[in-house]
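Fold and geometry: a report
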Amino acid sequence: MMAMSLGLLLLLLLALPREGAAEGQEAVVCAGAACYTAHWGKLSADDAQQRCSKKGGNLATVKTEEEARHIQSALARLLQTAVPPAGRMGRFWIGLQRDKGKCLDSNRTLKGFSWVGGGEDTLYTNWYKGAKNSCISKRCVSLLLELSLPALGSLPRWAEGPCGSSRSPGSGIEGFVCKFSFKGMCRPLTLGGPGRVNYSTPFQASSSSLQAVPFASVASVACGDGDGVGAVSFQSYFLCKEKAPDVFDWDTSGPLCVSAQLGCDFNNGGCQQECFEGGDGSFRCGCRPGFRLRDDLVTCASRDPCSSSPCSGGATCVPGPLGKDFTCHCPQGYQLGPTQQGCVDVDECRDAPCAQECVNTPGSFRCECWVGYEPSGLGEGPCWDVDECAPGRSPCTQSCTNTEGSFYCSCEEGYILAGEDGTQCLDVDECGGQEGSPCGSLCFNTEGSFRCGCLPGWELAPDGVSCTEGPTSPGPPPRPPQRGHMGNEEGTLVLSATTPSSTGDPEGTSKVAPTSRGASLPTSIPVPVSLAPPEMLAPSGTPGTGTEPSTHQPTATAAPRELAGEDFKAEQSDEGADGQRLLLFYILGTVVAILLLLALALGLLVCRKRRAGREEEEKKPQSAADSYSWVPERAKSRATENPYSPTPGTDC
């Protein structure tokens, strides 16, 4: 038993160093303009992000399938550094998270998640299962893969879950993946003889097998194999620099670690294309036809500098003299950008080439007209005013006035503008306005105007507004106490509270002050009444005092006799006294009706008093004798007995 315990303890002690070594190991893959590092470590998502940010990066993004393959390659290299148990699934944090309070959005590809480095939506996704619809806690995404498959046949799937904490990083979390972006990369160094190269990156990763070396990295080169034949003789350091815009290379020239014994037989002498040996054991690099040797004396470039299509954005590459340089030219409407290798659009509208509105387009522009204008022709000619008031186009119901770039509507006299757009006209009720009735007695509103009238016994004055006494009129015209409307045809009747004063001229005609539409009465407030049309005010067969205007409104500047003859026709009957009598009969009838109502009320009152008296008598207390009645005295003589009765003496 003791031996078994010691054996188990020994196994645990042997396992601890390996686990510690695995925690510190990492794998690096660089491609394009970014490097990806895969790390072992059971950390929460926040702690993993802190580890990445300390070195200048973030948790990795997986925005494209190409980026997913780079991360897959880094994870494959990381899995080669440890021997995980077979069939075990592991998870590695990436920079896709959804903050607390932000819910699942199934309409978007990232389901409401966003990348730590920026970006809320990308086209590429590889979800393992549907994301959980939870808004109460922060959710993070990790890559799910089988740890026993270092080759990793399929791309890792995305799994979302809690982001973990320092004490509990999360179920199945084995590590994380970081991403570091750079402005450019250098090619790996090629040795012409035995030696070793090690690269130290700005994010503190060290590797000797990078396919692309990030900008500002340092390469340490140790020549020789250490076996005595080519022992290490020296060690050199080189820096990846930006020698020209978007051109990155090492600050060295010529093949490195050249071996006179091996010559071109070792790694082609470190040359990219051709290696030429000299008679004294030396060699040099060369290029195939159509290419030239670069300044590093190792790599080759095409003699046509435009063969690699260095210009972008629609720019055309033009080779320079001797094929050592090139120039990018942009088409019309574009200009070279900051790198002088790409084209950007020129905003022609900054120079205000249009008379009114200028709209910039890619490589060009177009002119447009403001609202209320239109081009003069099919081309981009000057802008002409649109005549909104032209026949068939006017939006106004009555008058339309065109202006420069616009228009406005107006109404005829007797109407006002209405509607939300100010294009409709509404009739003005001159008889019911706040300023009072323009008529001295009766007022009839008409479409766009009004006309005046008088009560029976009065006739319309020559001014067409006031009323004068008729031949049989005993006094001022009566003032009905109500106001009403005669309908759409007759309009509103308004009775003036006073009689307009008039003065006689030498010819005996009446003259009044000129009146205009909407003017208030000069003396008192009009009293509106509901009355029948003027033609029905007089008895049948007797002409009334209604008017039949020939114009919309009486005109005060016309001669009095023209107004009386053309605008208003007031007829007065010799039997006007009959109308007065009829009015008196109406009054007497009303008084009789009131008296009848009073008599009926008095009768009801007397009836109620009598009923109340009877009820009081019934409620008086009764004596004991009241429940008895006197028996009438029996007749002294008996009725003659019925001789035919079977029971004589018993009949009643």
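Treat the numbers as computed from the prediction; the structure is a model and nothing was measured. (Residues numbered from 1 in each chain as written. Predicted model: local features only at pLDDT ≥ 70, side-chain atom pairs only at ≥ 80, totals over all residues. Heavy atoms only, no water.)

**Points about the pairing of strand β10 (residues 195–200)**
Condition: DSSP calls a pair of strands paired once it identifies at least 2 bridges connecting them. A run of H or I in DSSP becomes a helix once it reaches four residues, and a run of E becomes a strand once it reaches two; helices and strands are each numbered from the N terminus.
Here six bridges tie β10 to strand β13 (residues 218–223), and the two strands are oriented antiparallel to one another. Among the inter-strand pairings, N198 is bridged to a residue of β13, identified as S220. Adjacent in sequence and paired antiparallel, β10 and strand β11 (residues 206–207) are bridged by five residues, among which Q204 carries a positive phi angle near 65 degrees.

**Considerations on the pattern of salt bridges**
Filter applied, for reference: By definition, a salt bridge exists where a carboxyl oxygen of Asp or Glu is found within 4 Å of a side-chain nitrogen of Lys or Arg. Relative accessibility under 20% of the residue-type maximum defines a buried residue, over 50% an exposed one, and the middle range a partly exposed one, all with a 1.4 Å probe and only protein chains included.
By the definition in use, this model includes eleven salt bridges. With a closest N to O distance of 2.6 Å, E67 and K179 form a salt bridge. With E67 in helix α3 (residues 65–79) and K179 in strand β8 (residues 173–181), this residue pair connects regions lying 112 residues apart in the sequence. The burial state of E67 is the same as that of K179; both residues are buried. Of the charged contacts in the structure, one is a salt bridge between R288 and E274, with a shortest N-O distance of 3.8 Å. Taken together, the residues span a long stretch of sequence, with R288 in the loop between β17 (283–286) and β18 (291–293) and E274 in strand β16 (residues 274–277) at a distance of 14 residues. For R288, a relative accessible area of 43% puts it in the partly exposed group. The exposure class of E274 is partly exposed, given its relative accessible area of 28%.

**Focus: a nonpolar patch on the surface**
Counted only if it meets this: The patches reported here contain residues having more than 30% relative accessible area and no salt bridge. Joining distances are 9 Å for like charges and 5 Å for nonpolar side chains (Val, Leu, Ile, Met, Phe, Trp, Tyr). We get accessible surface area from the Shrake-Rupley algorithm with a probe of 1.4 Å; when it comes to residues, only the shown protein chains can shield them.
A grouping of L582, L583, L584, F585, Y586, I587, L588, V591, I594, L595 and L598 is seen on the molecular surface, where their side chains present a nonpolar patch of about 1,000 Å² in accessible area. Note on placement: L583 falls in helix α5 (residues 576–618). With a relative accessible area of 38%, L583 lands in the partly exposed category.

**Observations concerning the confidence of the model for the protein chain**
Note that predicted coordinates carrying low pLDDT should not be read in detail. Formally: pLDDT measures how confident the predictor is about each residue, on a scale from 0 to 100. Any two residues whose heavy atoms approach within 4.5 Å at even a single point are treated as in contact.
Looking at the protein chain, pLDDT values average 75 and 70% of them are 70 or higher. Every residue in residues 1–21 scores below 50 in pLDDT, and together they form three contacts with partners more than four places removed in sequence or on other chains. Counting interchain partners and residues more than four positions distant, the pLDDT-below-50 stretch residues 635–640 has zero contacts.

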